[in-house]
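So the chains spell out like this:
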Protein chains: 2
Amino acid sequence: MPKQTFFNLKEAKKERIIEAAVDEFAAHPYLKTSINRIIERADISKGSFYQYFSNKKDLYKYVIDQASDAKMKFLAQKLQDYQKLEFFELLRELFIAGIEFKREYPLFSQIGDYLLDGSNESLKEEIYADSRPKSNQFFEELLEEAVMKEEVDPNIDIKLTAFMLTDFSISIVSYFFENHNPENVDQIMDYADKMLYIMKNGIAKGDKNVIN
Amino acid sequence: MPKQTFFNLKEAKKERIIEAAVDEFAAHPYLKTSINRIIERADISKGSFYQYFSNKKDLYKYVIDQASDAKMKFLAQKLQDYQKLEFFELLRELFIAGIEFKREYPLFSQIGDYLLDGSNESLKEEIYADSRPKSNQFFEELLEEAVMKEEVDPNIDIKLTAFMLTDFSISIVSYFFENHNPENVDQIMDYADKMLYIMKNGIAKGDKNVIN
DNA sequence: ATATAATGTGACTACAAAGTCATGTGACTT
DNA sequence: AAGTCACATGACTTTGTAGTCACATTATAT
């Protein structure tokens, strides 16, 4: 947590600092980021920095928190009454929202990507200790519900499937940005649909009971 | 590429150096690795190091090459006449072999894990520029064949599916090591089967044409 | 206006890293 | 025996880092 002195600052200054930090953390993997560059960019002194934050990690975690808050809010807004959606519809919306978030908040996403990196194993664990299980659990709950509603095959291993979905919801987005134009909404849809087709029906040949 | 002087060294000394490097690169993410520690461990001088390698990256790439060679050889050995296998059988063998490789060469795998990390974006790209497309293409070819042999649904998007499979073949292994005892062979099998069930049939509810 | 508290500062310390270079050593050649 | 060549060395330079601290400035309260 940043120190009280940070929160006492004027909004404009706080923003300046956070913006500088976001830029830095999005531009370099954690280990290569430099407090020196951040304070230069934010136009504050070294001494001030250490009056606001106890160290780099402190600032980093705060920025990560801000980013994941932003993502949560974004998703919550896009998926307002997701309870009403059928499971695969929801999955579709989630994929699309993930792509949209990266498009609209590229810096936050970049920081997230670096986090996935093993830059600093223990730090990653500290942060992911919350986040990954949260995502896994989210999908586990969705799957359990969907099995009850008889939308999803009761034979699947829920924990494993949740893990797969978490993994996808990350890698999908990078695949999309690597291979497609992120402005093309039709492509997003098309892609999400292909994705879902496989998740629904698998890839084995044969008549499928579920026609997409 | 290491310099000629390195290759001129006695086998024992080369091995000592590579071993020290492997230990170091497996113990820390790239940016945190230290030439100083490597030379200390390998018991050579700073000057000598720079007579063997032009810099840290040079050594690193060499070690990565060694590791991926080892993995290729390992897989080739485990899947000797894979041409004869049915597609999903082959997939199963691949998953299992991936798990076994990590169990038998944990250091190499650890280095690979750190590589996935964004430690150094441009370096990662330099190295992955080869590796990831290679894996994608491998799966693409397998899938094309399997579609022709009518083992796999012709409706799928092959590029996308290949990407998914590459992704899985990585994440499967980490999931397994996070959640299971790597010595338990039955568990490996069980896990690979669950995995395949989903890839084959998807997760939607309904009668499946393919019974695992 | 004065006193007190809060915030700001940047030179400085301590450290570790990569990479260089002049010099040393030992084996092999002529 | 003299000379050559490949390899070995570690002190040294340069560069960057995180974090500290004595002091300066500004805001707030009395």
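Residues numbered from 1 in each chain as written. Chains lettered and ligands numbered in written order. Predicted model: local features only at pLDDT ≥ 70, side-chain atom pairs only at ≥ 80, totals over all residues. Heavy atoms only, no water.

Trainee: Before we move on, could you go through the protein's contact with DNA strand D and cite the residues and values that matter?
Mentor: For DNA strand D, the set of nearby residues contains 20 residues, the closest of which are Thr5(B), Asn8(B), Lys13(B), Ser48(B) and Tyr52(B). Looking at DNA strand D alone, sugar and phosphate atoms form 57% of those within 4 Å of the protein. Ser34(A) has a polar side-chain atom sitting 3.1 Å from a phosphate oxygen of DNA strand D. Lys13(B) has a polar side-chain atom sitting 2.3 Å from a phosphate oxygen of DNA strand D. When residues of the surface near DNA strand D are assigned to their parent elements, the largest contribution, five residues, is made by helix H4 (residues 46–52) of chain B. Tallied by class, the residues present in the surface near DNA strand D amount to four nonpolar, eleven polar and five charged. (Near = heavy atom within 4 Å. Polar contact = N/O pair within 3.5 Å; in protein donor to acceptor, adjacent residues only side chain to side chain. Helix = DSSP H or I, 4+ residues; strand = E, 2+ residues; numbered from the N terminus. Nonpolar A, V, L, I, M, F, W, Y, C, P; charged D, E, K, R; others polar.)

Trainee: Talk me through helix H10 (residues 185–201) of chain B; I want residue IDs and the actual numbers.
Mentor: In this model H10(B) runs 24 Å from its N-terminal to its C-terminal C-alpha over 17 residues, within 8% of the 24 Å that 1.5 Å per residue would give. Regarding H10(B), the residues found buried are Ile188(B), Tyr191(B), Ala192(B), Met195(B), Leu196(B), Tyr197(B), Ile198(B), Met199(B), Lys200(B) and Asn201(B). Against helix H9 (158–179) and helix H10 (185–201) of chain A together with helix H6 (87–104) and helix H9 (158–179) of chain B lie the buried residues of H10(B). Two or three places before Asp186(B), at the opening of H10(B), Asn184(B) has a side-chain oxygen 3.1 Å from that residue's backbone nitrogen. (Expected span 1.5 Å × (residues − 1). Buried < 20%, exposed > 50% of the residue type's maximum accessible area, 1.4 Å probe, protein only. Contact = heavy atoms within 4.5 Å.)

Trainee: So what's going on with the UniProt feature "domain: HTH tetR-type" (unreviewed entry) in chain A? Residues and values would help.
Mentor: The positions UniProt marks with the feature "domain: HTH tetR-type" (unreviewed entry) are residues 11–71 of chain A. Taken end to end, residues 11–71 of chain A is 79% helix and 0% strand, and its first and last C-alpha atoms sit 22 Å apart. (UniProt positions renumbered as here; feature names shortened; annotations may be inferred.)

Trainee: So, the side chain of Asn136(B): which residues are in play, and what are the values?
Mentor: Residues and elements named next belong to chain B. With respect to the element layout, Asn136 can be found in helix H8 (residues 121–148). Residue Asn136 is classed as buried on the basis of its relative accessible area of 16%. Side chain to side chain, Asn136 and Thr166 meet in a polar contact 2.8 Å long. Sequence-distant contacts of Asn136, that is, excluding residues within four places in its chain, are made with Ala162, Phe163 and Thr166.

Trainee: Got a sec to walk through the protein's contact with DNA strand C? Specific residues and values, please.
Mentor: Near DNA strand C you find 20 residues, and of these Lys13(A), Gly47(A), Ser48(A), Tyr52(A) and Tyr50(B) are the closest. Considering the 4 Å shell around the protein, atoms of DNA strand C inside it are sugar or phosphate in 58% of instances. Within the side chain of Tyr52(A), an N or O atom sits 2.5 Å from a phosphate oxygen of DNA strand C. Lys56(B) is positioned such that a nitrogen or oxygen atom in its side chain is 3.4 Å from a phosphate oxygen of DNA strand C. Looking at the surface near DNA strand C, the elements that each hand over two or more residues are helix H1 (4–8) and helix H4 (46–52) of chain A together with helix H3 (35–42) and H4 of chain B. With five residues, H4(A) is the largest single contributor of residues to the surface near DNA strand C. Residues belonging to the surface near DNA strand C are distributed by class as follows: four nonpolar, eleven polar and five charged.

Trainee: Before we move on, can you summarise the nonpolar core with the specific residues and values?
Mentor: Of all hydrophobic cores here, the largest spans 70 residues; its most connected members are Phe87(A), Met195(A), Ile203(A), Phe87(B), Met195(B) and Ile203(B). Every element with two or more residues in this core is listed here: helix H6 (87–104), helix H8 (121–148), H9 and H10 of chain A together with H6, H8, H9 and H10 of chain B. Every residue in contact with Met195(B), bar those within four places of it in the chain, is listed here: Leu160(A), Met164(A), Phe95(B), Phe168(B) and Ile172(B). If you look at the next biggest cluster of nonpolar residues, it comprises 34 residues, including Phe6(A), Ile18(A), Leu59(A) and Ala97(A). (Core = buried A, V, L, I, M, F, W, Y, C linked by side-chain atoms within 4.5 Å.)

Trainee: I'd love a proper account of the packing of helix H2 (residues 11–27) of chain A against helix H3 (residues 35–42) of chain A, names of residues and values included.
Mentor: Helix packing for two helices is described by the angle between their axes and how far apart those axes are. Residues and elements named next belong to chain A. Relative to each other, H2 and H3 sit at 140°, their axes nearing to 8 Å. Classified by the angle their axes make, H2 and H3 are oblique. As H2 packs across H3, the resulting crossing turns out to be right-handed. Of the residues in H3, those touching H2 at Arg16, Ile17, Ala20, Ala21, Asp23, Glu24 and Phe25 are Arg37, Ile38, Arg41 and Ala42. In terms of residue class, the contact of H2 with H3 is built from six nonpolar, no polar and five charged. (Axes fitted to C-alpha atoms, helices over the stretch in contact; angles between N-to-C directions. Parallel < 35°, antiparallel > 145°, perpendicular 65-115°, else oblique. Left-handed = near helix turned anticlockwise from the far one by under 90°.)

Trainee: Could you give an account of the packing of aromatic side chains, naming the residues involved and the relevant values?
Mentor: Per the stated rule, a full pass over the model turns up 44 aromatic pairs over all chains. Aromatic pair Phe176(B) and Tyr191(B): ring centres 5.8 Å apart, planes at 50°, arrangement tilted. Here Tyr191(B) lies in helix H10 and Phe176(B) lies in helix H9, a separation of 15 residues in the sequence. Given a relative accessible area of 0%, Phe176(B) falls into the buried group. What makes Tyr191(B) buried here is its relative accessible area of 4%. Taken together, Phe6(A), Phe7(A), Phe49(A), Tyr50(A), Tyr52(A), Phe53(A) and Tyr62(A) form an aromatic cluster joined through their ring pairs. A cation over an aromatic ring shows up here: Lys56(A) above the ring of Tyr30(A), its NZ or CZ 4.9 Å from the ring centre. (Phe/Tyr/Trp six-rings, centres within 6.5 Å; stacked < 30°, edge-to-face > 60°. Lys NZ or Arg CZ within 6 Å of the ring centre and 35° of its normal.)

Trainee: Please set out the environment of Glu40(A) residue by residue, giving values where relevant.
Mentor: Residue and element names in this part refer to chain A. Its place among the elements puts Glu40 in helix H3. Residue Glu40 is classed as exposed on the basis of its relative accessible area, which comes to 63%. The sequence separation of Glu40 and Ala21 amounts to 19 residues, and the corresponding C-alpha distance is 11 Å.

Trainee: Which residues make up the packing of H6(B) against H9(B), and what values go with them?
Mentor: All names here are of chain B. Two elements in contact, H6 and H9, have axes separated by 10 Å at closest approach and are oriented at 45°. Looking at the two axes, H6 sits oblique to H9. Between H6 and H9 lies a crossing whose hand is right-handed. Taking contact as the criterion, the partners of Phe87, Leu91, Phe95, Gly98, Ile99, Lys102 and Arg103 in H6 are, on H9, Leu165, Ser169, Ile172, Val173, Phe176 and Phe177.

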